[in-house]
Amino acid sequence: MRNFYEEVQEIKARYPDWRSATLPALRLAQEKHGFLSPNALRECAEALGTTPAFCESVASFYDMFHLRPVGRHLVEVCTNVSCALNGAQQVLEGFERELGVRAGETTEDGEVTLRTIECLGGCGWATIVAIDERYRTHVKPDDVSAIVEELRGGG
Amino acid sequence: MAAEARQIVMAGADERDLTKLAEYEAIGGYQALQKARGMTPAAIIDELNASELRGRGGAFFPTGRKWSFVPKPDQNPNPHYLVVNADESEPGSFKDNEIMARVPHRFIEGCLITAYAVDSKNVFVYIRGEYTGPYEVLVGALEELHGRADLRGEVTIVLHRGAGAYICGEETALLESLEGERGQPRTKPPFPAIAGLYASPTVVNNVETMATVPPIITMGGAEYAKLGVPDSRGTRLVSLSGHIVNGGNYEVENGISMRDLIYGLGGGIPEGRRLKCVIPGGSSTAILRYDEIDVGYDFNSLLRLDTAMGSAGVIVLDERCCMVQLGIRVNEFYEHESCGKCTPCREGTRWMSQILRRLEAGDADQHELDLLLDVCDRINGKCLCPLGETAAIAVASYVAKFREEFQAHIDEDGCPFGDSSPLHGVLAPVAQHTHHPTATVPA
């Protein structure tokens, strides 16, 4: 595996200005550390040649960057209008029951974080649930227990 | 115009796997690029002007004219950039998702033609961070193209993934984000064509616009302009969602009747329910009542009804829906996505949410309905970008079209629909309970 520093240098080379590598570098750091911990932000800053404060200021703007620990799996239920009209709230409540957490929380074993998310751009195939950033379409409340089982068992 | 599909952008995708270069070339793929490279950039722009193509992101700016604004090298020595806005995030809109996933090469071909026309060697595709599927398709398509210098030429295409921010669909916020900053809009002017990415001349175009360029070059601008209606030429990918039997994307000629779109292609409302209203162009657009859908689906026809085609995301709502609940849900999206730069948007959307919640709970006094409209008025036209404004326009339209329903919430001290409305009690991200174990305030 290439090391993080070198990989960020490669990303920087794609752009006329190193700053454009900030979002890709943050994504990479998050993949490596699980979330953007102070250490992850320091490592990111070093590779980019900037300060951890700059990295944090940028990261805090974006929903996909986690500045606090999240579970090994991320379950995101779209509750925007089109999904809501097709029962997204019932899907969300299904996940809350199955996982034993409320939206925005992580299971006690640190396995799964559940949260609602704004429109994922799959409105005609509602309800959209993103499992570890991959879309499931047409999710119904009845599908929830199988998805949770898959997450629990599938590693 | 009757409801029927007319495939220009999606042509061939139902019959073949056009994510494969060989399949795309088998139906004449990349021949428009070869044809374009035999033309002068000025001739390509003339062809685009003849096609009357207007930007498919929602702002309807004439594409050829946008390209012609890019200064000539003797006017500005900086390199030119082509930035593609693939940050599709408008609630109700999911067309670019399908274009990138199913006709990636037509999209890339459009990018290469455009890069040639505006004299750019660098293309940046800013794709929303959540679109893992389309991103991987594009990665595969570009890998196939890597071995084909005859097609690529000297142009490099960089896929740049966003990280979850609706505002980055606004072109100057997108440029900020692409430069590695928080995605907050810039003041205009200068417009991107003059000073965009790295303060250099930049053309920012939408995914669907790019994918429409190759067919225009192939068939000729004048031929393309025979499709559709005045000011809305050609086809459009319309996203149908909400209370609709056949949700999905449909490519149709501009000017199709909205009733045919919903009841023909869309198959009508599930379970025989009655239509209540339609959001015509993504949640940022003013609503149409059930009795206003005998209208052409095009720029001018919708403008006459004080609404817009926007990004062509049609959301259908049936008779069970409470308009105050819709207002809450739509407005909470904008409240969440406000970048915080302009006070009227940042604070105004919060005020709107509070008043709407008081109405829904039956706690609002009579004057608060006018207060809501007053807050909308104080956002409109007072911000750097349209985000807050669109929240205000949308919510004000719900009040204007369904005032008696808002009044009933005051008169009856609560919601006449309650939990029988499908939008009851929906948890929006902005209202999400968050778990902060380290942030507990000591007693």
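Just so it is clear, the model here is predicted, and its values are computed rather than measured.

1. Structural notes on the overall build of chain A
Here is step 1 of the chain: Across its full length, chain A holds 7 helices and 4 strands.
Here is step 2 of the chain: Each principal axis of the C-alpha distribution contributes one length, and for chain A these read about 50 × 35 × 25 Å.
Here is step 3 of the chain: For chain A, buried positions account for 55% of its 155 residues.
Here is step 4 of the chain: In chain A, of all internal contacts separated by at least 6 residues, the share reaching a separation of at least 24 is 59%.
Here is step 5 of the chain: Here chain A displays about 6700 Å² of accessible surface, and carbon together with sulfur accounts for 46% of that area.

2. Details of the domain arrangement of chain B
All names here are of chain B.
Here is step 1 of the chain: Looking at the assigned domains, one finds that chain B contains domain 1 (21-224), domain 2 (229-312) and domain 3 (323-416).
Here is step 2 of the chain: If you look at the interface, domain 1 gives 18 residues, while domain 2 gives 20 residues.
Here is step 3 of the chain: Both sides together, the interface formed by domain 1 and domain 2 hides about 1700 Å², and carbon and sulfur atoms give 48% of it.
Here is step 4 of the chain: Contact with domain 2 buries area across many residues of domain 1, yet Arg56, Phe60 and Phe94 alone supply 30% of it, more than any other trio.
Here is step 5 of the chain: Summed over the shared surface of domain 1 and domain 2, the number is 3 salt bridges.
Here is step 6 of the chain: The interface formed by domain 1 and domain 2 contains 16 residue pairs in polar contact (both at pLDDT 80 or more).
Here is step 7 of the chain: Top element by residues in the side of domain 1 that touches domain 2 is helix H5 (residues 95-102). It accounts for 3 residues.
Here is step 8 of the chain: Of the residues belonging to the side of domain 1 that touches domain 2, the class tally is 6 nonpolar, 5 polar and 7 charged.

3. Brief notes about the interface of chain B and chain A
Here is step 1 of the chain: Residue-level contacts link 67 residues of chain B with 47 residues of chain A.
Here is step 2 of the chain: Remark: the boundary between chain B and chain A carries 3 salt bridges.
Here is step 3 of the chain: One can count 26 residue pairs in polar contact (both at pLDDT 80 or more) joining chain B with chain A.
Here is step 4 of the chain: It is helix H15 (residues 323-337) of chain B that contributes the most residues to the side of chain B that touches chain A, 7 residues altogether.
Here is step 5 of the chain: The residue makeup of the side of chain B that touches chain A, split by class, is 29 nonpolar, 26 polar and 12 charged.

4. Quick notes on the confidence of the model for chain B
The predicted coordinates should not be examined in detail at positions where pLDDT is low.
Here is step 1 of the chain: Chain-level statistics for chain B give a pLDDT mean of 95 and a share of 97% at 70 or above.
Here is step 2 of the chain: Across residues 435-443 of chain B, confidence stays below pLDDT 50; counting only partners more than four residues off in sequence or on other chains, it has 3 contacts.

5. Some remarks on the environment of glycine 310 of chain B
Residue and element names in this part refer to chain B.
Here is step 1 of the chain: Considering the arrangement of structural elements, one finds glycine 310 in the loop between helix H14 (299-304) and strand E11 (313-318).
Here is step 2 of the chain: We classify glycine 310 as buried; its relative accessible area is 10%.
Here is step 3 of the chain: Distance from glycine 310 to serine 283, taken between C-alpha atoms, is 9.2 Å for residues 27 residues apart in sequence.
Here is step 4 of the chain: Sequence-distant contacts of glycine 310, that is, excluding residues within four places in its chain, are made with Gly58, Phe60, Arg236, Gly281 and Thr285.

6. Looking at the side chain of histidine 80 of chain B
Residue and element names in this part refer to chain B.
Here is step 1 of the chain: With respect to the helices and strands, histidine 80 occurs in strand E1 (residues 80-86).
Here is step 2 of the chain: Judged by its relative accessible area of 7%, histidine 80 is buried.
Here is step 3 of the chain: Of the polar contacts made by the side chain of histidine 80, one reaches the backbone oxygen of valine 118; its length is 2.8 Å.
Here is step 4 of the chain: Apart from residues lying up to four places away in sequence, histidine 80 is in contact with Val70, Pro71, Val118, Asp119, Ser120, Lys121 and Pro201.

7. Re the sheet that holds strand E3 (residues 156-161) of chain B
Sheets are built from strands that pair by backbone hydrogen bonding, the pairs being arranged parallel or antiparallel.
Residues and elements named next belong to chain B.
Here is step 1 of the chain: Taken in spatial order, the 4 strands line up as E3-E2-E1-E4 in an open sheet, and their pairing is parallel. With partners counted over all chains shown, the strands left at the sheet margins are E3 and strand E4 (202-206), one partner each. Neighbour to neighbour, the strand axes of the sheet diverge by 20° on average, direction disregarded.
Here is step 2 of the chain: With 6 bridges connecting them, strand E2 (residues 120-127) and E3 associate as parallel partners.

8. With respect to a negative patch on the surface
All names here are of chain B.
Here is step 1 of the chain: Negative charge collects at one region of the surface, where Asp363, Asp365, Asp411, Glu412 and Asp413 lie side by side.
Here is step 2 of the chain: As for its position among the elements, aspartate 363 is in the loop between helix H16 (343-361) and helix H17 (366-379).
Here is step 3 of the chain: According to the relative accessible area criterion, aspartate 363 is partly exposed, its value standing at 46%.

9. A few points about the packing of helix H2 (residues 22-33) of chain A against helix H4 (residues 52-59) of chain A
All names here are of chain A.
Here is step 1 of the chain: At a minimum axis separation of 11 Å, H2 and H4 run at an interaxial angle of 90°. The angle between H2 and H4 places the two elements in the roughly perpendicular class. Contacts from Thr22, Leu23 and Leu26 of H2 reach H4 at Phe54, Cys55, Val58 and Ala59.

10. Topic: the nonpolar core
A general tendency of soluble globular proteins is for nonpolar side chains to be buried together.
Here is step 1 of the chain: Ranked by internal contacts, the top residues of the largest apolar core, which has 87 residues, are Tyr62 of chain A together with Leu326, Leu359, Tyr398 and Phe406 of chain B.
Here is step 2 of the chain: Apart from residues no more than four positions distant in its own chain, leucine 359 of chain B is found in contact with Val324, Ala364, Leu369, Leu372, Phe406, His409 and Ile410 of chain B.

11. Concerning the domain arrangement of chain A
Here is step 1 of the chain: You can read the domains of chain A as domain 1 (4-59) and domain 2 (73-154).
Here is step 2 of the chain: Relative to domain 2 of chain A, the C-alpha centre of domain 1 of chain A lies at a distance of 29 Å.

12. Considering the packing of helix H1 (residues 4-13) of chain A against helix H3 (residues 38-48) of chain A
Helices that pack against each other are described as a pair by the angle of their axes relative to one another and the distance between those axes.
All names here are of chain A.
Here is step 1 of the chain: Axis separation between H1 and H3 bottoms out at 9 Å; the angle between their running directions is 50°. By the angle between their axes, H1 is oblique relative to H3. Relative to H3, the crossing made by H1 is right-handed. Taken together, the residues of H3 that come into contact with H1 (itself represented by Phe4, Tyr5, Val8, Gln9 and Lys12) are Glu43, Cys44, Glu46, Ala47 and Leu48.
Here is step 2 of the chain: Classifying every residue of the contact of H1 with H3 gives 6 nonpolar, 1 polar and 3 charged.

13. Regarding the environment of tyrosine 334 of chain B
Residues and elements named next belong to chain B.
Here is step 1 of the chain: If you trace the backbone, tyrosine 334 turns up in helix H15.
Here is step 2 of the chain: With a relative accessible area of 0%, tyrosine 334 lands in the buried category.
Here is step 3 of the chain: A sequence separation of 15 residues divides tyrosine 334 from threonine 349, and the C-alpha atoms of the two residues are 6.8 Å apart.
Here is step 4 of the chain: Excluding anything up to four places from it in sequence, tyrosine 334 contacts Glu90, Tyr166, Ser283, Ser284, Thr349, Leu387, Thr390 and Ala391.
Here is step 5 of the chain: At 2.6 Å, the side chain of tyrosine 334 forms a polar contact with the side chain of serine 284.

14. Some details on the sheet that holds strand E1 (residues 73-78) of chain A
Residue and element names in this part refer to chain A.
Here is step 1 of the chain: Strand order in the open sheet formed by 4 strands is E2-E1-E3-E4, with mixed pairing between adjacent strands. Each having just a single partner strand, strand E2 (112-117) and strand E4 (134-136) make up the two edges of the open sheet. With direction set aside, neighbouring strand axes in the sheet form an average angle of 25°.
Here is step 2 of the chain: Sheet topology note: the strand E3 (residues 129-131)/E4 ladder contains 3 bridges and is antiparallel. Across the sheet, alanine 130 pairs through a bridge with tyrosine 135, a residue of E4.

Rules used throughout
Residues numbered from 1 in each chain as written. Chains lettered and ligands numbered in written order. Predicted model: local features only at pLDDT ≥ 70, side-chain atom pairs only at ≥ 80, totals over all residues. Heavy atoms only, no water. Helix = DSSP H or I, 4+ residues; strand = E, 2+ residues; numbered from the N terminus. Buried < 20%, exposed > 50% of the residue type's maximum accessible area, 1.4 Å probe, protein only. Contact = heavy atoms within 4.5 Å. Areas by Shrake-Rupley, 256 points an atom, 1.4 Å probe, with all protein chains shown as cover. Domains from an automatic or database assignment. Buried area = accessible area lost by both parts, 1.4 Å probe. Salt bridge = Lys/Arg side-chain N within 4 Å of Asp/Glu carboxyl O. Polar contact = N/O pair within 3.5 Å; in protein donor to acceptor, adjacent residues only side chain to side chain. Nonpolar A, V, L, I, M, F, W, Y, C, P; charged D, E, K, R; others polar. pLDDT = per-residue confidence, 0-100. Pairing = 2+ DSSP bridges. Axes fitted to C-alpha atoms, helices over the stretch in contact; angles between N-to-C directions. Patch = residues over 30% accessible without salt bridge, like charges linked within 9 Å, V, L, I, M, F, W, Y side chains within 5 Å. Lys, Arg positive; Asp, Glu negative; His and termini not counted. Charge placed at Lys NZ, Arg CZ, Asp CG, Glu CD. Parallel < 35°, antiparallel > 145°, perpendicular 65-115°, else oblique. Core = buried A, V, L, I, M, F, W, Y, C linked by side-chain atoms within 4.5 Å. Left-handed = near helix turned anticlockwise from the far one by under 90°.

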